[in-house]
Amino acid sequence: MNNTTQIKKNYRIIKVQKLVIVSILIGFLSAFLGVILKNTTEYYEEIFFHQTVVNPIFLIVFPVFGLSIIYFLREYLFKKKENKGIKEVFESTNSNSKNLPSYKIPSHFINGLLTVVFGGSTGIEVSTVVASATIGSVAQRKQNVFRQYKTELICAGVAAGITALFSSPIAGILFSLEVISKKVTRAFVLTNLIAVSIAFGLIYLLDEKPLFAVHNMTWHLRAIPYFVLLGIIAGINSVYLTRCVLFFKEQFSKIKVPYFKIIFGSVILSVSLFVFPQLYGEGYHAIKTIFINPNGMVLSLSMVLTFIGILVLKPIVTSATLASGGDGGVFAPSLFIGAFLGLLLALILNTYFNANVIPLNFIIIGMAAVLSASIHAPFTALFLVCGLTNDYTLFLPILVVCLISKYTAKMIYPFTVYSYSPSLAK
């Protein structure tokens, strides 16, 4: 009896040791992939965007060229299978038989990079999530002992990838929990904590800087009613984004000739970029410009029209990018919409209602609010945006507004682009 107990105990110890080792490996590889994709995309997106400023004809050339390259890669290199985004991860975690094939790593890496660099109005976050989830999926197939921890190891890869992109281990774990796993097990805690620790250690060694630099943060209690208003409007905007993506995907799916999809998507993208160059790529370059001195901005009619145009068109060009074959999701578009929505609301409140609110706060809180409502994950949005700015001064108002925006969005439309399926909608 004692021998049997000892054998079981030794087996559990060995199993835990193997889980620790594979979690370290997943954390490092996923974070390394995320860092390379992020930095490569930023570098080449800046170069290509500059070329469109010098010669606007590239606003026509780049989208159609980028989408065409992605189509031919998918057709002749990546087994003729379309990338479904995070739904691929759901399909894998919800099924014992379905796995993420290893070619998803280069497929999402390359297609995500090409989409954003050539002007596709989305981001690399979902590409990173699926590629890093695939690392976890491949790892769990290597030994029988890992088969029962399929979801945990996939989540570990996702958490490490998000950590690498946004410098926030907590956001990585919370995204895996809120969006993918939706349950906590001891194996989940062990594998995800190790993976994000390794990922955070890597970005620390590489001296990765926060995406947006902010200083002298503060907020006032009198702004709370305006924060609530921002949360409600952010929820409404997120539903508009979600419905746009679903509508365009449905309409484009009716087009049977692949190159017609590319042409239609490219036309929508090129025309929009001509009018509003801020929509190029993931849009972080545009967000950085409004971070420079938002508190000193003065509202004008041209600024209002520009901001409204951006807020109306961003969901449309994002949807057209994804529906015509581009790789990506709603992470970056949500942050982009939230930043411009928050600034516009703050300037309107200050100009016409003497609210005396701080525009910088509204930019940051708006980013978190729209993201929270778009993916129904308020705590992920909270820590993700705090990680992006490397500042937790606005922790409490961000938390409140994220909850308001999420439940506002859910009351209007209960689905996200990740959770929607035609059968559920009926």
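Along every chain, residues carry numbers that run from 1 in the direction the sequence is written. This being a predicted model, a pLDDT of at least 70 is required before a residue's local features are given, and a value of 80 or more before pairs of side-chain atoms are given or counted; all residues contribute to the totals for chains, interfaces and linings. Only hydrogens and water are set aside; all other atoms, that is, all heavy atoms of the structure, feed into the side-chain values.

The name recorded for the protein in an unreviewed UniProt entry is CIC family chloride channel protein, from Flavobacterium limicola. The record in UniProt for the protein states the following under Subcellular location (unreviewed entry): "Membrane". UniProt positions are given in the numbering used here, feature names are shortened, and annotations may be inferred rather than shown by experiment.

On to the overall build of the protein. Note on conventions: DSSP H or I runs of at least 4 residues are helices, E runs of at least 2 residues are strands, and numbering of each starts at the N terminus. Helices and strands together make up the secondary structure of the protein, namely 17 helices and 0 strands. Taking 22 Å as the expected radius of gyration for a compact globule of 426 residues, we find that the protein reaches 22 Å, a close match to that expectation. With the C-alpha coordinates of the protein rotated into their principal frame, the extents come out at 80 × 55 × 45 Å. Taking all 426 residues of the protein together, the buried fraction comes to 58%. Contacts are residue-level and defined by heavy atoms, with any inter-residue pair within 4.5 Å sufficient. In the protein, once contacts between residues fewer than 6 apart in sequence are set aside, the share between residues at least 24 apart is 82%. Computed with the Shrake-Rupley method and a 1.4 Å probe, the accessible areas treat only the protein chains shown as cover for residues. Total accessible area on the protein stands at roughly 18,400 Å², and carbon and sulfur atoms take up 65% of it. Separation between the mean location of the 33 positive side-chain charges and that of the 16 negative ones in the protein comes to 13 Å. A radius of gyration in this sense is built from C-alpha atoms; the matching globule rule multiplies 2.2 Å by the number of residues raised to 0.38. Exposure is judged per residue with a 1.4 Å probe applied to protein chains only, and the accessible area is read against the type maximum: over 50% gives exposed, under 20% gives buried, and values in between give partly exposed. His is not counted here, nor are the chain ends, while Lys and Arg score as positive and Asp and Glu score as negative. Positions of charges follow a simple convention, taking NZ of Lys, CZ of Arg, CG of Asp or CD of Glu.

Geometry of aromatic contacts follows a simple scheme: Phe, Tyr and Trp rings, the Trp one being its six-membered ring, pair when their centres are within 6.5 Å, and the pair is stacked under 30 degrees between planes, edge-to-face over 60, tilted otherwise. Applying the stated criterion to the full structure yields 24 aromatic pairs. Ring geometry for F72 against Y76: centres 6.2 Å apart, planes inclined by 10°, an arrangement best described as stacked. Of the two residues, F72 and Y76 are both situated in helix 2 (residues 58–76); the distance of 4 residues between them amounts to about one turn of the helix. When the centroid spacing of 6.0 Å and the interplanar angle of 20° are considered together, the rings of F166 and F331 count as stacked. Separated by 165 residues along the polypeptide, F166 in helix 6 (residues 150–166) and F331 in helix 13 (residues 331–353) bring together distant segments of the chain. Take F166 and F331: they sit in the same class, and that class is buried. Through a chain of ring-to-ring contacts, the aromatic side chains of F48, F58, F62, F65 and F118 assemble into a single cluster. Any Lys NZ or Arg CZ found within 6 Å of a ring centre and within 35 degrees of that ring's normal is scored as a charge over the ring. The positively charged end of K314 is found above the aromatic ring belonging to F336, 4.6 Å away from the centroid.

Ranked by internal contacts, the top residues of the largest apolar core, which has 110 residues, are F175, F331 and Y418. Considering each element in turn, this core owes the most residues, 14 residues, to helix 13. Domain start and stop points were drawn from an automatic or database domain assignment. Looking at this core, you find at least three residues from each of domain 1 (7–206) and domain 2 (221–424). Excluding residues that lie within four positions of it along the chain, Y418 makes contacts with I86, K87, F90, V126, V179, V330, F331 and I375. Within the second largest apolar cluster, 20 residues are counted, among which are L33, A156, A199 and I203. Take the buried residues of types Ala, Val, Leu, Ile, Met, Phe, Trp, Tyr and Cys, join any two whose side-chain atoms come within 4.5 Å, and each joined set is a nonpolar core.

You can see G328 is positioned in the loop between helix 12 (301–323) and helix 13. The exposure class of G328 is buried, given its relative accessible area of 17%. For the pair G328 and Y418, spaced 90 residues apart in the sequence, the C-alpha separation amounts to 12 Å.

Attention now goes to helix 11 (residues 284–291). Taken residue by residue, helix 11 has Y284, A286, I287, I290 and F291 as its buried positions. Along the axis of helix 11, the buried residues cluster in a sector spanning 155°; they form a single face. Directions are taken from the helix axis to each C-beta atom, and the arc is the one they span.

All right, on to the domain arrangement of the protein then. You can read the domains of the protein as domain 1 (7–206) and domain 2 (221–424). Each side of the interface is counted separately: domain 1 has 47 residues, and domain 2 has 45 residues. For the domain 1 and domain 2 pair, buried surface summed over both sides reaches about 3,700 Å², with 63% attributable to carbon and sulfur atoms. When a carboxyl oxygen of Asp or Glu is within 4 Å of a side-chain nitrogen of Lys or Arg, the pair counts as a salt bridge. Viewed at the interface, domain 2 and domain 1 are joined by 0 salt bridges. A 3.5 Å cut-off defines polar contacts: any pair of N or O atoms within that distance qualifies, except that in protein one atom must be a possible hydrogen donor and the other a possible acceptor, and neighbouring residues in sequence count only when both atoms are side-chain atoms. In this assembly, domain 1 and domain 2 are joined by 22 residue pairs in polar contact (both at pLDDT 80 or more). Looking at the side of domain 1 that touches domain 2, the elements with two or more residues in it are helix 1 (2–54), helix 2, helix 3 (86–93), helix 4 (104–117), helix 5 (125–140), helix 6 and helix 7 (169–181). Looking at the side of domain 1 that touches domain 2, the element that brings in the most residues is helix 2, giving 10 residues. A per-class count over the side of domain 1 that touches domain 2 returns 25 nonpolar, 15 polar and 7 charged. Here the quantity called buried area is the total loss of accessible area, with a 1.4 Å probe, experienced by two parts when brought into contact, counted for both. Residue polarity follows a fixed list, in which Ala, Val, Leu, Ile, Met, Phe, Trp, Tyr, Cys and Pro are nonpolar, Asp, Glu, Lys and Arg are charged, and the others, Gly among them, are polar.

Two side chains of opposite charge can pair, provided their charged atoms sit close to one another. Within this structure, the stated rule accounts for 3 salt bridges. One salt bridge in this structure joins E88 and K104, with 2.3 Å as the shortest N-O distance. Taken together, the residues span a long stretch of sequence, with E88 in helix 3 and K104 in helix 4 at a distance of 16 residues. Judged by its relative accessible area of 7%, E88 is buried. Judged by relative accessible area, K104 falls into the buried class, the value being 4%.

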